[in-house]
Amino acid sequence: MQFAQVIGQAALKEKLRGLQAQNRISHALMLVAKEGTGGLPLALSFAQYLVCEKVSRQSPEPSLFDPTAPTLQTSQTDSCGVCPPCKKAAAFAHPDIHYSFPTVSSKSIDKPRCSDFMVEWRTFLQEQPYGNLFDWIERIKEKENSQGKITTYECEDINKKLSRKSFESPFKILILWMPEMLEKEGNKLLKIIEEPPADTLFMLVTENESLVLPTIHSRCQVIRLPMLSAGEIENNLVEREGASPALAKQLAQLADGNFREAQQQLQHTEEGWQIRLRDWLNAILRTGPLAQVKWVEEISKLGREKQKQFLRYVIHVLETAIRMQATGQMPAVGEEEAAVAIKLNRLIGIEQLEALSREMNKATYYIERNAHAKMLFHALTLRVYHVIQDKVVLLMPSDTDE
Ligand SMILES: [Zn+2]
């Protein structure tokens, strides 16, 4: 990824280029970036910049870390994008750029390491560089409620990977996404972060620095990303996502500096999820069985991917409602989501909202396993009715359960 593909953050790109030019990069950088501000894209583009042939100094012993080494200024303000190292970095396959990130265990993988998930990871970076942990775990989880974690096995792997010599570049880079998911295993990394092998750069990218182990936090040079401006989000919705200028303007105002949220809103609007959810709730709460049958018929005609997207959207709205009840504050979501969340909060409490969210997760699980769509959505409709009308939180297993 090139700097040009990272939305905004001009001052930080300049700062990173400056650190490189003066060999003043700290061995451990921590980018603190709230969701949707581009922490991961910035790390990816800086890594590519560092390995690019046009950027890296022609000196026999280039150094990132030694301010006394000769500083050969480069006029390149971005990686070239065409040299072999750039091409490898852009495909997330450069042998000296390593990645660590949260993973989940599954039937076939009981000791998860990032190397088990590289195919999915590269696709995620290509398709959703502004995605969050939820987006990533959705792609790799087998069980519902899987929590991503950077495992102790991965920490051992990091130590192994970084103890080897670099292959092509004069240095090795480890991009560690979500260090807040390290838990105690992180202590295995303290030594290597404190006394890193020569020419090794750690780039940690966190959404929530207060959850990072203090022992790791204290060893890092912290760079904080500001939220994006509404103008930056608006332009990129038009240029990258093909949104109409009027819609882009409206969504950018609501996104609160979070590009992921803006993308999500755009997708929901385009797919008509908002209308579909409203129709569903109306059929369940007001118009009755005939409208429910019609609604189930219609959603059953969509493909499985679309059905899963719709359920994800419903979970997003439920989470909005839960956050509103828990914090008393309105999260940054679209008007339509906020309206539905407010309505749900008048009807039910957090326990019921959580029960509904579990039902949506379970339904997603069955869709992935080729459940009969009509039966599934019919059963789901009844369950939603029971949770809302009867305030039930634990439901009997349905006929779609095994
Ligand atoms: Zn290049």
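Residues numbered from 1 in each chain as written. Predicted model: local features only at pLDDT ≥ 70, side-chain atom pairs only at ≥ 80, totals over all residues.

A.B. asks: How would you explain the overall build of the protein if you had to name every residue and give the values?
C.D. replies: The helix and strand tally for the protein stands at 17 helices and five strands. Across its three principal axes, the protein shows a C-alpha extent of roughly 75 × 50 × 35 Å. Taking all 402 residues of the protein together, the buried fraction comes to 40%. Considering only contacts in the protein between residues 6 or more positions apart, those separated by 24 or more positions represent 75%. (Helix = DSSP H or I, 4+ residues; strand = E, 2+ residues; numbered from the N terminus. Buried ≥ 20, exposed ≤ 12 C-beta atoms within 10 Å, placed from the backbone. Contact = placed C-beta atoms within 7 Å.)

A.B. asks: Give me the pairing of strand S1 (residues 28-32): which residues, what numbers.
C.D. replies: The buried fraction of S1 is high, at four of five residues. With five bridges connecting them, S1 and strand S4 (residues 200-206) associate as parallel partners. The residue bridging Leu29 from the neighbouring strand is Met203, located in S4. Examined bridge by bridge, S1 and strand S5 (residues 221-224) share four bridges and lie parallel to one another. (Pairing = 2+ DSSP bridges.)

A.B. asks: How would you sum up the nonpolar core? Please name residues and give values.
C.D. replies: Counting residues in each nonpolar core, the largest one holds 71 residues, and the members touching the most others are Leu31, Ala43, Ala47, Ile175, Met203, Leu204 and Val205. The greatest single-element share of this core, amounting to nine residues, is contributed by helix H2 (residues 39-51). Not counting residues up to four positions away in its chain, the partners in contact with Leu31 are Gly39, Leu42, Ala43, Met203, Leu204, Val205, Ile223 and Leu225. (Core = buried A, V, L, I, M, F, W, Y, C linked by C-beta atoms within 7 Å.)

A.B. asks: With reference to specific residues and values, describe the sheet that holds strand S3 (residues 172-177).
C.D. replies: In spatial order, the strands read S2-S3-S4-S1-S5; together these five strands make up an open sheet with parallel pairing. Only two strands of the sheet have a single partner each, and these edge strands are strand S2 (97-100) and S5. Across this sheet, the average inter-strand angle for adjacent strands is 20 degrees, counted without regard to direction. In the packing of H2 onto the sheet, contacts are made with S1, S2, S3 and S4, and the angle to S3 comes to roughly 175 degrees. (Axes fitted to C-alpha atoms, helices over the stretch in contact; angles between N-to-C directions.)

A.B. asks: Outline the domain arrangement of the protein, supporting the account with residue identities and numerical values.
C.D. replies: Where interface size is quoted, it is often the accessible area lost as the parts come together. Each domain of the protein was delimited in the assignment, giving domain 1 (3-224) and domain 2 (272-390). Taken over C-alpha atoms, the centre of domain 1 sits 37 Å from the centre of domain 2. (Domains from an automatic or database assignment.)

A.B. asks: Describe the environment of His386, and please don't skip the residues or the numbers.
C.D. replies: Positionally, His386 belongs in helix H17 (residues 373-390). His386 sits in the partly exposed class, given 18 other C-beta atoms within 10 Å. For the pair His386 and Gln352, spaced 34 residues apart in sequence, the C-alpha separation works out to 9.9 Å.

A.B. asks: Residue-level account of unusual backbone geometry, with values.
C.D. replies: Trans is the prevailing form of peptide bonds, just as negative phi is the prevailing case for residues other than glycine. For Phe92, which is not a glycine, the phi torsion comes out positive at approximately 55 degrees. Here Phe92 lies in the loop between helix H3 (84-90) and S2. Phi is positive for Asp199, close to 55 degrees, though the residue is something other than glycine. We classify Asp199 as buried; it has 20 C-beta atoms within 10 Å.

A.B. asks: Can you lay out helix H9 (residues 230-241) for me, pointing to particular residues and giving the numbers?
C.D. replies: For H9, which comprises twelve residues, the first-to-last C-alpha distance of 15 Å matches the rise-based estimate of 16 Å (1.5 Å per residue) to within 8%. Among all positions in H9, only Ile233, Glu234, Asn236 and Leu237 are buried. Buried-residue contacts for H9 involve helix H10 (245-254) and helix H11 (259-271). Following H9 by one or two positions, Gly242 adopts a phi angle in the positive range, close to 70 degrees. (Expected span 1.5 Å × (residues − 1).)

A.B. asks: Explain the packing of helix H16 (residues 350-368) against H17 residue by residue, including any values.
C.D. replies: Contact geometry for H16 and H17: axes closest at 10 Å, N-to-C directions at 175 degrees. It follows that H16 is roughly antiparallel to H17 by the angle criterion. Here Gln352, Ala355, Leu356, Glu359, Ala363, Tyr366 and Ile367 of H16 lie close against H17, whose contacting residues are Leu376, Leu380, Arg383, Val384, Val387 and Ile388. Of the residues in the contact of H16 with H17, the class split is ten nonpolar, one polar and two charged. (Parallel < 35°, antiparallel > 145°, perpendicular 65-115°, else oblique. Nonpolar A, V, L, I, M, F, W, Y, C, P; charged D, E, K, R; others polar.)

A.B. asks: Can you lay out the environment of Gln253 for me, pointing to particular residues and giving the numbers?
C.D. replies: Looking at where Gln253 falls in the secondary structure, it is placed in helix H10. Sequence separation between Gln253 and Arg358 is 105 residues; the distance between their C-alpha atoms is 31 Å.

A.B. asks: Please give an account of H10 that cites residues and values.
C.D. replies: Three or more residues of H10 are buried, namely Ala248, Leu251 and Ala252. Along the long axis of H10, the arc covered by the buried residues comes to 105 degrees, so they all point the same way. For H10, the exposed residues lying more than 90 degrees away from the buried face are Ala246 and Gln253. Tucked inside the fold, the buried residues of H10 contact H9 and H11. Two residues or fewer after H10 comes Asp256, characterised by a positive phi angle close to 60 degrees. (Arc of directions from axis to C-beta.)

A.B. asks: I'd like to hear about the packing of H10 against H11, residue by residue, with values.
C.D. replies: Where H10 meets H11, the axes come as close as 9 Å, and the angle between the chain directions of the two elements is 135 degrees. Here H10 is positioned oblique relative to H11, judged by the angle of their axes. Two packed elements cross with a definite hand, and for H10 against H11 that hand is right-handed. Every residue of H11 that contacts H10 at Leu247, Leu251, Ala252 and Leu254 is listed here: Ala262, Gln265, Leu266 and Thr269. Looking at the contact of H10 with H11, its residues break down into six nonpolar, two polar and no charged. (Left-handed = near helix turned anticlockwise from the far one by under 90°.)

A.B. asks: Residue-level account of the pairing of S4, with values.
C.D. replies: Regular strands have side chains that alternate between both faces of the sheet. In terms of burial, S4 is a largely internal element, seven of the seven residues being buried. What you see with S4 is no split at all: Thr200, Phe202, Leu204 and Thr206 on one side and Leu201, Met203 and Val205 on the other are buried throughout.

A.B. asks: Can you explain the environment of Leu254? Please cite residues and give values.
C.D. replies: With respect to the helices and strands, Leu254 occurs in helix H10. Overall, Leu254 belongs to the partly exposed group, with 18 C-beta atoms counted inside 10 Å. Distance from Leu254 to Ile173, taken between C-alpha atoms, is 36 Å for residues 81 residues apart in sequence.

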